[in-house]
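Listed below, chain by chain, are the residues.
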Amino acid sequence: MSNIMKKSEFTNVKNNMPLIKATAIMGIFTYVFLCCEYLFVNVLSLFTSADNTVSAQNCALGISAVGIMLYPVFNRFCKKQLGKICCAVTCVICVICIVLVCMHISYGVTLWMGFLLFLFLGIILNAVFYTCSSLIKDDKYLARIVGASYMCGVLLQLFSNNIISSEIVQAVVLSLLLSLLVWLLAKVKNVESNAVLTYKRVCEKADNKSKAVKSCAVYLALLIVLMTCIFSTLDNAVTLIHAKGDMDIGQMPRILLAVSGLVAGFVFDINARKYMGIIMYCVMLLSTICMAVIELSGSYMIGLTIFYVCAGFFAVFFTTGFMEISRYLKTPQLWAGFGRALNNITAAVISGVSMALLSSDNGIAVITVAVILFASVSVVTAVYTFKRKVLSENSDVEACESLDNKERLKKIAEKYSFTPREAEAFGLLVDTVDSIQVIADSMYISKRTLERYISSIYEKTGAKSRVELIKIFNNR
(Lines give C-alpha, C1' and ligand atoms only; values in the text may rest on other atoms or scores of the structure.)
Protein backbone atom coordinates (compact mmCIF):
# COMPACT_ATOMS: atom_id res chain seq x y z
CA MET A 1 0.00 0.00 0.00
CA SER A 2 2.86 2.35 0.87
CA ASN A 3 4.56 1.68 -2.47
CA ILE A 4 1.31 2.40 -4.32
CA MET A 5 0.93 5.71 -2.48
CA LYS A 6 4.52 6.69 -3.26
CA LYS A 7 4.01 5.79 -6.91
CA SER A 8 0.81 7.85 -7.00
CA GLU A 9 2.56 10.83 -5.37
CA PHE A 10 5.42 10.56 -7.87
CA THR A 11 2.92 10.45 -10.75
CA ASN A 12 1.16 13.55 -9.43
CA VAL A 13 4.45 15.44 -9.15
CA LYS A 14 5.43 14.34 -12.66
CA ASN A 15 2.06 15.42 -14.08
CA ASN A 16 2.32 18.79 -12.33
CA MET A 17 5.93 19.44 -13.37
CA PRO A 18 4.96 21.46 -16.51
CA LEU A 19 2.79 23.70 -14.30
CA ILE A 20 5.67 24.18 -11.86
CA LYS A 21 8.04 25.03 -14.72
CA ALA A 22 5.54 27.51 -16.18
CA THR A 23 5.11 29.22 -12.79
CA ALA A 24 8.88 29.42 -12.26
CA ILE A 25 9.58 30.81 -15.75
CA MET A 26 6.88 33.50 -15.56
CA GLY A 27 7.84 34.35 -11.97
CA ILE A 28 11.51 34.88 -12.84
CA PHE A 29 10.59 37.00 -15.86
CA THR A 30 8.17 39.15 -13.83
CA TYR A 31 10.95 39.82 -11.33
CA VAL A 32 13.50 40.68 -14.05
CA PHE A 33 11.10 42.96 -15.93
CA LEU A 34 9.92 44.83 -12.83
CA CYS A 35 13.47 45.27 -11.51
CA CYS A 36 14.72 46.55 -14.87
CA GLU A 37 11.85 49.05 -14.98
CA TYR A 38 12.52 50.16 -11.39
CA LEU A 39 16.26 50.47 -12.05
CA PHE A 40 15.73 52.43 -15.27
CA VAL A 41 13.36 54.91 -13.58
CA ASN A 42 15.68 55.38 -10.57
CA VAL A 43 18.79 56.10 -12.64
CA LEU A 44 16.97 58.30 -15.14
CA SER A 45 15.45 60.41 -12.34
CA LEU A 46 18.99 61.46 -11.37
CA PHE A 47 19.43 63.20 -14.74
CA THR A 48 16.04 64.75 -15.48
CA SER A 49 12.71 65.91 -14.07
CA ALA A 50 9.96 63.65 -12.74
CA ASP A 51 7.74 64.39 -15.75
CA ASN A 52 10.47 63.43 -18.22
CA THR A 53 11.24 60.29 -16.22
CA VAL A 54 7.61 59.13 -16.40
CA SER A 55 7.47 59.88 -20.14
CA ALA A 56 10.68 57.91 -20.73
CA GLN A 57 9.31 55.00 -18.71
CA ASN A 58 6.16 54.87 -20.86
CA CYS A 59 8.25 55.09 -24.06
CA ALA A 60 10.36 52.16 -22.84
CA LEU A 61 7.21 50.11 -22.22
CA GLY A 62 5.98 51.01 -25.71
CA ILE A 63 9.28 49.84 -27.19
CA SER A 64 8.95 46.53 -25.33
CA ALA A 65 5.67 46.04 -27.21
CA VAL A 66 7.66 46.24 -30.47
CA GLY A 67 9.82 43.40 -29.14
CA ILE A 68 6.68 41.41 -28.37
CA MET A 69 5.56 41.82 -32.00
CA LEU A 70 9.00 40.74 -33.28
CA TYR A 71 9.00 37.41 -31.41
CA PRO A 72 6.94 35.45 -34.01
CA VAL A 73 9.57 36.34 -36.65
CA PHE A 74 12.32 35.33 -34.24
CA ASN A 75 10.51 32.06 -33.48
CA ARG A 76 9.94 31.24 -37.14
CA PHE A 77 13.45 31.74 -38.50
CA CYS A 78 15.63 30.95 -35.50
CA LYS A 79 15.33 27.20 -35.14
CA LYS A 80 17.51 24.58 -33.43
CA GLN A 81 21.17 25.67 -33.16
CA LEU A 82 20.56 29.14 -34.63
CA GLY A 83 17.76 29.65 -32.10
CA LYS A 84 20.12 28.86 -29.21
CA ILE A 85 22.71 31.29 -30.57
CA CYS A 86 20.07 34.03 -30.92
CA CYS A 87 18.91 33.39 -27.34
CA ALA A 88 22.48 33.75 -26.09
CA VAL A 89 23.03 36.96 -28.09
CA THR A 90 19.75 38.41 -26.76
CA CYS A 91 20.82 37.63 -23.20
CA VAL A 92 24.26 39.21 -23.69
CA ILE A 93 22.74 42.40 -25.16
CA CYS A 94 20.34 42.70 -22.20
CA VAL A 95 23.17 42.21 -19.69
CA ILE A 96 25.30 44.89 -21.39
CA CYS A 97 22.35 47.32 -21.35
CA ILE A 98 21.70 46.68 -17.65
CA VAL A 99 25.37 47.31 -16.78
CA LEU A 100 25.50 50.53 -18.84
CA VAL A 101 22.31 51.83 -17.19
CA CYS A 102 23.83 51.21 -13.76
CA MET A 103 27.03 53.09 -14.65
CA HIS A 104 25.24 56.51 -14.75
CA ILE A 105 27.33 57.61 -17.74
CA SER A 106 24.91 60.26 -19.01
CA TYR A 107 21.24 60.93 -19.62
CA GLY A 108 21.51 59.96 -23.30
CA VAL A 109 23.35 56.68 -22.67
CA THR A 110 20.94 55.69 -19.88
CA LEU A 111 17.92 56.53 -22.03
CA TRP A 112 18.99 54.68 -25.17
CA MET A 113 20.40 51.65 -23.35
CA GLY A 114 17.12 51.44 -21.45
CA PHE A 115 15.17 51.55 -24.71
CA LEU A 116 17.35 48.82 -26.23
CA LEU A 117 17.00 46.73 -23.07
CA PHE A 118 13.21 46.87 -23.16
CA LEU A 119 13.13 46.02 -26.87
CA PHE A 120 14.88 42.72 -26.20
CA LEU A 121 12.94 42.15 -22.97
CA GLY A 122 9.80 42.35 -25.14
CA ILE A 123 11.09 39.50 -27.31
CA ILE A 124 11.84 37.44 -24.20
CA LEU A 125 8.42 38.33 -22.75
CA ASN A 126 6.49 36.78 -25.63
CA ALA A 127 8.81 33.77 -25.62
CA VAL A 128 7.97 33.30 -21.94
CA PHE A 129 4.20 33.51 -22.37
CA TYR A 130 4.11 31.33 -25.49
CA THR A 131 6.34 28.68 -23.91
CA CYS A 132 4.26 28.66 -20.72
CA SER A 133 1.03 28.50 -22.71
CA SER A 134 2.43 25.40 -24.40
CA LEU A 135 3.47 23.87 -21.07
CA ILE A 136 0.02 24.33 -19.50
CA LYS A 137 -1.89 21.55 -21.24
CA ASP A 138 -4.99 21.84 -19.07
CA ASP A 139 -5.94 25.52 -18.86
CA LYS A 140 -8.15 24.84 -15.84
CA TYR A 141 -5.38 26.38 -13.70
CA LEU A 142 -4.23 29.06 -16.14
CA ALA A 143 -5.24 32.17 -14.16
CA ARG A 144 -3.95 30.88 -10.83
CA ILE A 145 -0.59 29.96 -12.41
CA VAL A 146 -0.35 33.48 -13.84
CA GLY A 147 -1.36 34.91 -10.44
CA ALA A 148 1.11 32.77 -8.49
CA SER A 149 3.99 33.65 -10.83
CA TYR A 150 3.09 37.35 -10.63
CA MET A 151 3.07 37.20 -6.83
CA CYS A 152 6.47 35.47 -6.79
CA GLY A 153 7.96 38.08 -9.14
CA VAL A 154 6.65 41.04 -7.12
CA LEU A 155 7.77 39.59 -3.78
CA LEU A 156 11.22 38.81 -5.19
CA GLN A 157 11.49 42.41 -6.37
CA LEU A 158 10.40 43.70 -2.96
CA PHE A 159 12.92 41.44 -1.24
CA SER A 160 15.82 42.41 -3.52
CA ASN A 161 15.06 46.15 -3.24
CA ASN A 162 15.29 45.89 0.56
CA ILE A 163 18.31 43.60 0.69
CA ILE A 164 20.40 44.86 -2.25
CA SER A 165 21.35 48.50 -1.88
CA SER A 166 24.09 48.59 -4.52
CA GLU A 167 22.97 49.03 -8.13
CA ILE A 168 26.01 47.08 -9.33
CA VAL A 169 25.06 44.08 -7.19
CA GLN A 170 21.50 44.39 -8.42
CA ALA A 171 22.79 44.40 -12.02
CA VAL A 172 24.75 41.19 -11.32
CA VAL A 173 21.68 39.48 -9.81
CA LEU A 174 19.50 40.59 -12.73
CA SER A 175 22.08 39.35 -15.24
CA LEU A 176 22.33 35.94 -13.56
CA LEU A 177 18.55 35.50 -13.37
CA LEU A 178 18.13 36.66 -16.95
CA SER A 179 20.71 34.09 -18.05
CA LEU A 180 18.89 31.41 -16.06
CA LEU A 181 15.60 32.41 -17.69
CA VAL A 182 17.01 32.25 -21.23
CA TRP A 183 18.59 28.88 -20.42
CA LEU A 184 15.25 27.54 -19.15
CA LEU A 185 13.49 28.74 -22.31
CA ALA A 186 16.12 27.05 -24.46
CA LYS A 187 15.80 23.79 -22.49
CA VAL A 188 12.02 23.59 -22.66
CA LYS A 189 10.84 21.96 -25.86
CA ASN A 190 8.60 24.62 -27.31
CA VAL A 191 6.04 22.19 -28.68
CA GLU A 192 2.37 23.12 -28.81
CA SER A 193 0.33 21.24 -26.22
CA ASN A 194 -2.49 18.86 -27.06
CA ALA A 195 -4.96 21.54 -26.01
CA VAL A 196 -3.48 24.02 -28.50
CA LEU A 197 -3.58 21.46 -31.30
CA THR A 198 -7.14 20.51 -30.41
CA TYR A 199 -8.36 24.09 -30.53
CA LYS A 200 -6.58 24.58 -33.85
CA ARG A 201 -8.36 21.58 -35.35
CA VAL A 202 -11.67 22.87 -34.07
CA CYS A 203 -11.15 26.32 -35.57
CA GLU A 204 -9.92 24.99 -38.89
CA LYS A 205 -13.06 22.87 -39.28
CA ALA A 206 -15.53 25.62 -38.45
CA ASP A 207 -15.47 29.03 -40.12
CA ASN A 208 -18.12 30.37 -37.75
CA LYS A 209 -15.95 29.34 -34.80
CA SER A 210 -12.99 31.22 -36.29
CA LYS A 211 -15.12 34.37 -36.63
CA ALA A 212 -16.35 34.00 -33.05
CA VAL A 213 -12.75 33.73 -31.81
CA LYS A 214 -11.67 36.85 -33.71
CA SER A 215 -14.69 38.79 -32.46
CA CYS A 216 -13.93 37.80 -28.86
CA ALA A 217 -10.26 38.79 -29.32
CA VAL A 218 -11.26 42.22 -30.69
CA TYR A 219 -13.49 43.01 -27.70
CA LEU A 220 -10.87 41.72 -25.27
CA ALA A 221 -8.28 43.99 -26.91
CA LEU A 222 -10.61 46.99 -26.75
CA LEU A 223 -11.37 46.25 -23.10
CA ILE A 224 -7.67 46.09 -22.21
CA VAL A 225 -6.99 49.39 -24.02
CA LEU A 226 -9.76 51.18 -22.11
CA MET A 227 -8.68 49.71 -18.79
CA THR A 228 -5.07 50.62 -19.47
CA CYS A 229 -6.05 54.27 -19.93
CA ILE A 230 -7.25 54.32 -16.32
CA PHE A 231 -4.50 52.17 -14.82
CA SER A 232 -1.72 53.90 -16.72
CA THR A 233 -2.88 57.30 -15.45
CA LEU A 234 -2.93 55.97 -11.90
CA ASP A 235 0.48 54.39 -12.40
CA ASN A 236 1.85 57.71 -13.69
CA ALA A 237 0.51 59.43 -10.58
CA VAL A 238 2.31 56.87 -8.39
CA THR A 239 5.54 57.19 -10.40
CA LEU A 240 5.41 60.99 -10.10
CA ILE A 241 5.14 60.73 -6.33
CA HIS A 242 8.09 58.32 -6.29
CA ALA A 243 10.25 60.36 -8.73
CA LYS A 244 9.65 63.65 -6.91
CA GLY A 245 10.40 62.09 -3.53
CA ASP A 246 7.30 63.75 -2.08
CA MET A 247 6.31 60.69 -0.15
CA ASP A 248 7.72 57.38 1.03
CA ILE A 249 5.29 54.84 -0.39
CA GLY A 250 6.60 52.10 1.89
CA GLN A 251 6.37 48.33 1.55
CA MET A 252 2.70 47.61 2.26
CA PRO A 253 1.34 48.59 -1.19
CA ARG A 254 3.82 46.23 -2.91
CA ILE A 255 2.77 43.38 -0.64
CA LEU A 256 -0.87 44.14 -1.50
CA LEU A 257 0.06 44.04 -5.20
CA ALA A 258 1.57 40.57 -4.80
CA VAL A 259 -1.33 39.20 -2.75
CA SER A 260 -3.96 40.68 -5.07
CA GLY A 261 -2.28 38.97 -8.05
CA LEU A 262 -2.53 35.58 -6.34
CA VAL A 263 -6.12 36.16 -5.21
CA ALA A 264 -7.05 37.31 -8.73
CA GLY A 265 -5.74 34.03 -10.18
CA PHE A 266 -7.92 31.89 -7.93
CA VAL A 267 -10.99 34.13 -8.28
CA PHE A 268 -10.72 34.33 -12.08
CA ASP A 269 -10.45 30.54 -12.41
CA ILE A 270 -13.88 30.02 -10.82
CA ASN A 271 -16.17 28.12 -13.19
CA ALA A 272 -13.60 28.02 -16.02
CA ARG A 273 -13.15 31.84 -15.97
CA LYS A 274 -16.72 32.51 -17.13
CA TYR A 275 -17.02 35.42 -14.69
CA MET A 276 -13.53 36.86 -15.25
CA GLY A 277 -14.85 39.88 -17.20
CA ILE A 278 -17.50 40.71 -14.61
CA ILE A 279 -15.00 40.42 -11.74
CA MET A 280 -12.60 42.72 -13.56
CA TYR A 281 -15.42 45.18 -14.13
CA CYS A 282 -15.97 45.41 -10.37
CA VAL A 283 -12.25 46.01 -9.92
CA MET A 284 -12.45 48.85 -12.46
CA LEU A 285 -15.18 50.45 -10.34
CA LEU A 286 -12.73 50.43 -7.43
CA SER A 287 -10.06 51.97 -9.66
CA THR A 288 -12.37 54.85 -10.62
CA ILE A 289 -13.04 55.47 -6.93
CA CYS A 290 -9.28 55.39 -6.38
CA MET A 291 -8.85 58.15 -8.97
CA ALA A 292 -11.43 60.28 -7.18
CA VAL A 293 -9.79 59.72 -3.79
CA ILE A 294 -6.34 60.77 -5.04
CA GLU A 295 -7.57 63.82 -6.96
CA LEU A 296 -10.15 65.21 -4.53
CA SER A 297 -9.10 64.29 -1.03
CA GLY A 298 -5.32 64.18 -1.39
CA SER A 299 -5.31 60.99 0.72
CA TYR A 300 -2.52 59.38 -1.25
CA MET A 301 -2.06 56.30 0.94
CA ILE A 302 -5.74 55.31 0.65
CA GLY A 303 -5.64 55.85 -3.10
CA LEU A 304 -2.37 53.96 -3.46
CA THR A 305 -3.68 51.02 -1.44
CA ILE A 306 -6.73 50.71 -3.69
CA PHE A 307 -4.55 51.14 -6.78
CA TYR A 308 -2.13 48.35 -5.89
CA VAL A 309 -4.96 45.94 -5.06
CA CYS A 310 -6.62 46.66 -8.41
CA ALA A 311 -3.35 46.61 -10.38
CA GLY A 312 -2.66 43.00 -9.39
CA PHE A 313 -6.05 41.95 -10.74
CA PHE A 314 -5.49 43.87 -13.98
CA ALA A 315 -2.05 42.35 -14.64
CA VAL A 316 -3.43 38.82 -14.20
CA PHE A 317 -6.50 39.68 -16.31
CA PHE A 318 -4.78 40.86 -19.47
CA THR A 319 -2.08 38.17 -19.25
CA THR A 320 -4.56 35.33 -18.74
CA GLY A 321 -7.05 36.69 -21.28
CA PHE A 322 -4.66 36.58 -24.23
CA MET A 323 -2.75 33.46 -23.13
CA GLU A 324 -6.13 31.69 -23.13
CA ILE A 325 -7.44 33.02 -26.44
CA SER A 326 -4.07 32.59 -28.21
CA ARG A 327 -4.82 28.86 -28.26
CA TYR A 328 -7.68 29.51 -30.66
CA LEU A 329 -5.81 31.90 -32.97
CA LYS A 330 -3.67 31.09 -35.99
CA THR A 331 -0.37 32.50 -34.66
CA PRO A 332 -0.24 31.76 -30.91
CA GLN A 333 3.43 32.89 -30.88
CA LEU A 334 2.16 36.45 -31.38
CA TRP A 335 -1.03 36.46 -29.33
CA ALA A 336 0.24 34.78 -26.13
CA GLY A 337 1.88 38.02 -24.96
CA PHE A 338 -0.43 40.40 -26.80
CA GLY A 339 -2.21 41.49 -23.60
CA ARG A 340 1.04 42.93 -22.26
CA ALA A 341 1.80 44.49 -25.67
CA LEU A 342 -1.56 46.29 -25.72
CA ASN A 343 -1.04 47.50 -22.17
CA ASN A 344 2.44 48.84 -22.95
CA ILE A 345 1.50 50.46 -26.29
CA THR A 346 -1.54 52.18 -24.79
CA ALA A 347 0.49 53.43 -21.83
CA ALA A 348 3.05 54.92 -24.22
CA VAL A 349 0.46 56.52 -26.53
CA ILE A 350 -1.56 58.22 -23.79
CA SER A 351 1.50 59.22 -21.77
CA GLY A 352 1.42 62.85 -22.93
CA VAL A 353 -2.31 63.31 -22.30
CA SER A 354 -2.09 61.51 -18.97
CA MET A 355 0.82 63.65 -17.76
CA ALA A 356 -0.93 66.84 -18.92
CA LEU A 357 -4.04 65.93 -16.94
CA LEU A 358 -2.06 65.08 -13.81
CA SER A 359 0.06 68.25 -14.06
CA SER A 360 -2.96 70.51 -14.60
CA ASP A 361 -4.15 70.10 -11.00
CA ASN A 362 -7.68 69.98 -12.43
CA GLY A 363 -9.19 67.15 -10.38
CA ILE A 364 -12.63 67.54 -11.95
CA ALA A 365 -11.21 67.03 -15.47
CA VAL A 366 -9.34 63.89 -14.38
CA ILE A 367 -12.43 62.41 -12.73
CA THR A 368 -14.64 63.30 -15.73
CA VAL A 369 -12.29 61.43 -18.09
CA ALA A 370 -12.18 58.47 -15.68
CA VAL A 371 -16.00 58.29 -15.54
CA ILE A 372 -16.27 58.41 -19.36
CA LEU A 373 -13.71 55.62 -19.65
CA PHE A 374 -15.54 53.59 -17.00
CA ALA A 375 -18.82 53.95 -18.89
CA SER A 376 -17.10 52.68 -22.04
CA VAL A 377 -15.61 49.79 -20.07
CA SER A 378 -19.11 48.89 -18.85
CA VAL A 379 -20.44 48.47 -22.39
CA VAL A 380 -17.43 46.57 -23.74
CA THR A 381 -17.30 44.27 -20.67
CA ALA A 382 -20.92 43.22 -21.22
CA VAL A 383 -20.29 42.37 -24.89
CA TYR A 384 -16.98 40.58 -24.18
CA THR A 385 -18.46 38.51 -21.34
CA PHE A 386 -21.32 37.35 -23.56
CA LYS A 387 -19.06 36.45 -26.50
CA ARG A 388 -16.57 34.64 -24.29
CA LYS A 389 -19.34 32.62 -22.67
CA VAL A 390 -20.67 31.47 -26.06
CA LEU A 391 -17.13 30.71 -27.25
CA SER A 392 -16.31 28.73 -24.11
CA GLU A 393 -19.48 26.64 -24.28
CA ASN A 394 -18.97 25.81 -27.95
CA SER A 395 -15.31 25.01 -27.43
CA ASP A 396 -15.99 22.53 -24.63
CA VAL A 397 -18.32 20.54 -26.87
CA GLU A 398 -16.24 20.80 -30.04
CA ALA A 399 -12.93 20.05 -28.36
CA CYS A 400 -14.48 16.98 -26.80
CA GLU A 401 -15.86 15.80 -30.14
CA SER A 402 -12.51 16.34 -31.84
CA LEU A 403 -10.78 13.80 -29.62
CA ASP A 404 -11.07 10.14 -30.58
CA ASN A 405 -11.76 7.62 -27.83
CA LYS A 406 -8.11 6.68 -27.41
CA GLU A 407 -7.00 10.30 -26.91
CA ARG A 408 -9.91 10.96 -24.57
CA LEU A 409 -9.12 7.93 -22.47
CA LYS A 410 -5.47 8.97 -22.26
CA LYS A 411 -6.45 12.44 -21.06
CA ILE A 412 -8.74 11.06 -18.36
CA ALA A 413 -6.12 8.54 -17.22
CA GLU A 414 -3.58 11.38 -16.83
CA LYS A 415 -6.05 13.59 -14.99
CA TYR A 416 -7.05 10.96 -12.41
CA SER A 417 -3.63 9.22 -12.21
CA PHE A 418 -4.96 5.81 -13.28
CA THR A 419 -2.55 2.90 -13.39
CA PRO A 420 -2.29 1.21 -16.83
CA ARG A 421 -4.63 -1.61 -15.70
CA GLU A 422 -7.11 0.87 -14.16
CA ALA A 423 -7.12 2.81 -17.43
CA GLU A 424 -7.81 -0.41 -19.34
CA ALA A 425 -10.64 -1.32 -16.98
CA PHE A 426 -12.10 2.19 -17.20
CA GLY A 427 -12.05 2.01 -21.00
CA LEU A 428 -13.96 -1.28 -21.04
CA LEU A 429 -16.46 -0.08 -18.44
CA VAL A 430 -17.44 3.00 -20.45
CA ASP A 431 -17.13 1.52 -23.94
CA THR A 432 -19.03 -1.74 -23.51
CA VAL A 433 -22.18 -3.06 -21.84
CA ASP A 434 -20.43 -6.26 -20.77
CA SER A 435 -20.81 -7.59 -17.26
CA ILE A 436 -18.03 -7.36 -14.68
CA GLN A 437 -17.23 -11.03 -15.14
CA VAL A 438 -16.96 -10.74 -18.93
CA ILE A 439 -14.66 -7.70 -18.60
CA ALA A 440 -12.53 -9.54 -16.03
CA ASP A 441 -12.20 -12.52 -18.39
CA SER A 442 -11.19 -10.26 -21.29
CA MET A 443 -8.48 -8.73 -19.10
CA TYR A 444 -7.35 -12.20 -17.92
CA ILE A 445 -7.85 -11.34 -14.26
CA SER A 446 -10.20 -12.51 -11.54
CA LYS A 447 -13.50 -10.78 -10.84
CA ARG A 448 -12.24 -9.77 -7.38
CA THR A 449 -9.13 -8.12 -8.87
CA LEU A 450 -11.28 -6.16 -11.32
CA GLU A 451 -13.54 -5.07 -8.46
CA ARG A 452 -10.46 -3.65 -6.70
CA TYR A 453 -9.60 -1.70 -9.85
CA ILE A 454 -13.17 -0.40 -10.08
CA SER A 455 -13.18 0.60 -6.41
CA SER A 456 -9.95 2.57 -6.98
CA ILE A 457 -11.42 4.20 -10.10
CA TYR A 458 -14.51 5.28 -8.14
CA GLU A 459 -12.32 6.72 -5.39
CA LYS A 460 -10.13 8.70 -7.79
CA THR A 461 -12.97 10.08 -9.92
CA GLY A 462 -15.57 10.58 -7.20
CA ALA A 463 -18.07 8.57 -9.26
CA LYS A 464 -20.49 6.18 -7.59
CA SER A 465 -21.74 4.15 -10.54
CA ARG A 466 -20.85 2.98 -14.02
CA VAL A 467 -23.29 5.52 -15.46
CA GLU A 468 -21.36 8.35 -13.81
CA LEU A 469 -18.12 6.97 -15.27
CA ILE A 470 -19.69 7.11 -18.73
CA LYS A 471 -20.69 10.74 -18.10
CA ILE A 472 -17.11 11.58 -17.10
CA PHE A 473 -15.86 9.96 -20.29
CA ASN A 474 -18.35 11.74 -22.56
CA ASN A 475 -17.95 15.16 -20.92
CA ARG A 476 -14.18 15.26 -21.12
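Residues numbered from 1 in each chain as written. Predicted model: local features only at pLDDT ≥ 70, side-chain atom pairs only at ≥ 80, totals over all residues. Heavy atoms only, no water.

**Observations regarding the overall build of the protein**
The helix and strand inventory of the protein stands at 20 helices and zero strands. Contacts in the protein between residues at least 24 apart in sequence constitute 83% of all its contacts with a sequence separation of at least 6. Total accessible area on the protein is roughly 21900 Å²; 65% of this is exposed by carbon and sulfur atoms. (Helix = DSSP H or I, 4+ residues; strand = E, 2+ residues; numbered from the N terminus. Contact = heavy atoms within 4.5 Å. Areas by Shrake-Rupley, 256 points an atom, 1.4 Å probe, with all protein chains shown as cover.)

**Notes on helix 6 (residues 167-187)**
Under the 1.5 Å per step criterion, the end-to-end length of helix 6 is 30 Å for 21 residues, consistent within 8% with the ideal 30 Å. Among the residues of helix 6, Q170, A171, L174, S175, L178, L181, V182 and L185 are the ones counted as buried. Buried residues along helix 6 cover an arc of 135° about the axis, so they all sit on one side. Opposite the packed face of helix 6, turned more than 90 degrees from it, sit the exposed residues L176 and K187. N-cap assignment for helix 6: the residue whose side-chain oxygen lies 3.3 Å from the backbone N of I168 is S166. (Expected span 1.5 Å × (residues − 1). Buried < 20%, exposed > 50% of the residue type's maximum accessible area, 1.4 Å probe, protein only. Arc of directions from axis to C-beta. Polar contact = N/O pair within 3.5 Å; in protein donor to acceptor, adjacent residues only side chain to side chain.)

**Section: the pattern of salt bridges**
Tallied over the entire structure, the rule returns six salt bridges. The shortest N-O distance in the salt bridge between D269 and R144 comes to 3.1 Å. Within this pair, whereas D269 is found in the loop between helix 9 (252-268) and helix 10 (276-297), its partner R144 is found in helix 5 (residues 142-163), the two being separated by 125 residues in sequence. Given the relative accessible area of 5%, D269 is considered buried. A salt bridge links R273 to E324, with the nearest nitrogen and oxygen atoms 3.0 Å apart. Of this pair, R273 sits in the loop between helix 9 and helix 10 while E324 sits in helix 11 (residues 300-325), and the two are 51 residues apart along the sequence. Given the relative accessible area of 9%, E324 is considered buried. (Salt bridge = Lys/Arg side-chain N within 4 Å of Asp/Glu carboxyl O.)

**Focus: the confidence of the model for the protein**
Taken over all residues, the pLDDT of the protein has a mean of 80, while the share at 70 or more is 81%. Between the elements of the protein, mean pLDDT differs from a low of 48, seen in helix 7 (residues 194-205), to a high of 91, seen in helix 4 (residues 107-135). Every residue in residues 1-13 scores below 50 in pLDDT, and together they form two contacts with partners more than four places removed in sequence or on other chains. Here residues 190-199 is modelled with pLDDT under 50, and outside its nearest four sequence neighbours on either side it reaches 27 contacts, counting other chains as well. (pLDDT = per-residue confidence, 0-100.)

**Some points on the packing of aromatic side chains**
On inspection of all chains with the given rule, the structure shows 17 aromatic pairs. Seen in terms of ring centroids, F322 and F338 are 5.4 Å apart; in terms of plane orientation they differ by 65°. Their pairing is edge-to-face. Highlighted residues: F322 in helix 11 and F338 in helix 13 (residues 338-349), separated in sequence by 16 residues. Overall, F322 belongs to the buried group, its relative accessible area being 0%. Both rings, one in Y416 and one in F418, keep their centres 5.9 Å apart while their planes meet at 25°; by these two values the pair is stacked. Here the aromatic residues F29, F33, F40, W112, F115 and F118 are joined through ring pairs into a cluster of three or more. A cation sits over an aromatic face here: R340 above F33, 5.9 Å from the ring centre. (Phe/Tyr/Trp six-rings, centres within 6.5 Å; stacked < 30°, edge-to-face > 60°. Lys NZ or Arg CZ within 6 Å of the ring centre and 35° of its normal.)

**Some words on a nonpolar patch on the surface**
Where nonpolar side chains cluster on the molecular surface, the patch consists of L46, F47 and Y107 and spans about 280 Å² of accessible area. Here L46 shows up in the loop between helix 1 (2-44) and helix 2 (50-77). Taking the relative accessible area as the measure of exposure, L46 reaches 58% and is therefore exposed. (Patch = residues over 30% accessible without salt bridge, like charges linked within 9 Å, V, L, I, M, F, W, Y side chains within 5 Å.)

**What about the environment of A258?**
Inspection of the secondary structure assignment puts A258 in helix 9. On the basis of relative accessible area, A258 is assigned to the buried category, the value being 0%. C-alpha of A258 to C-alpha of G147: the two residues are 111 residues apart in sequence and 8.5 Å apart in space. Residues contacting A258, with those up to four places away along its chain left out, are M151, V154 and L155.

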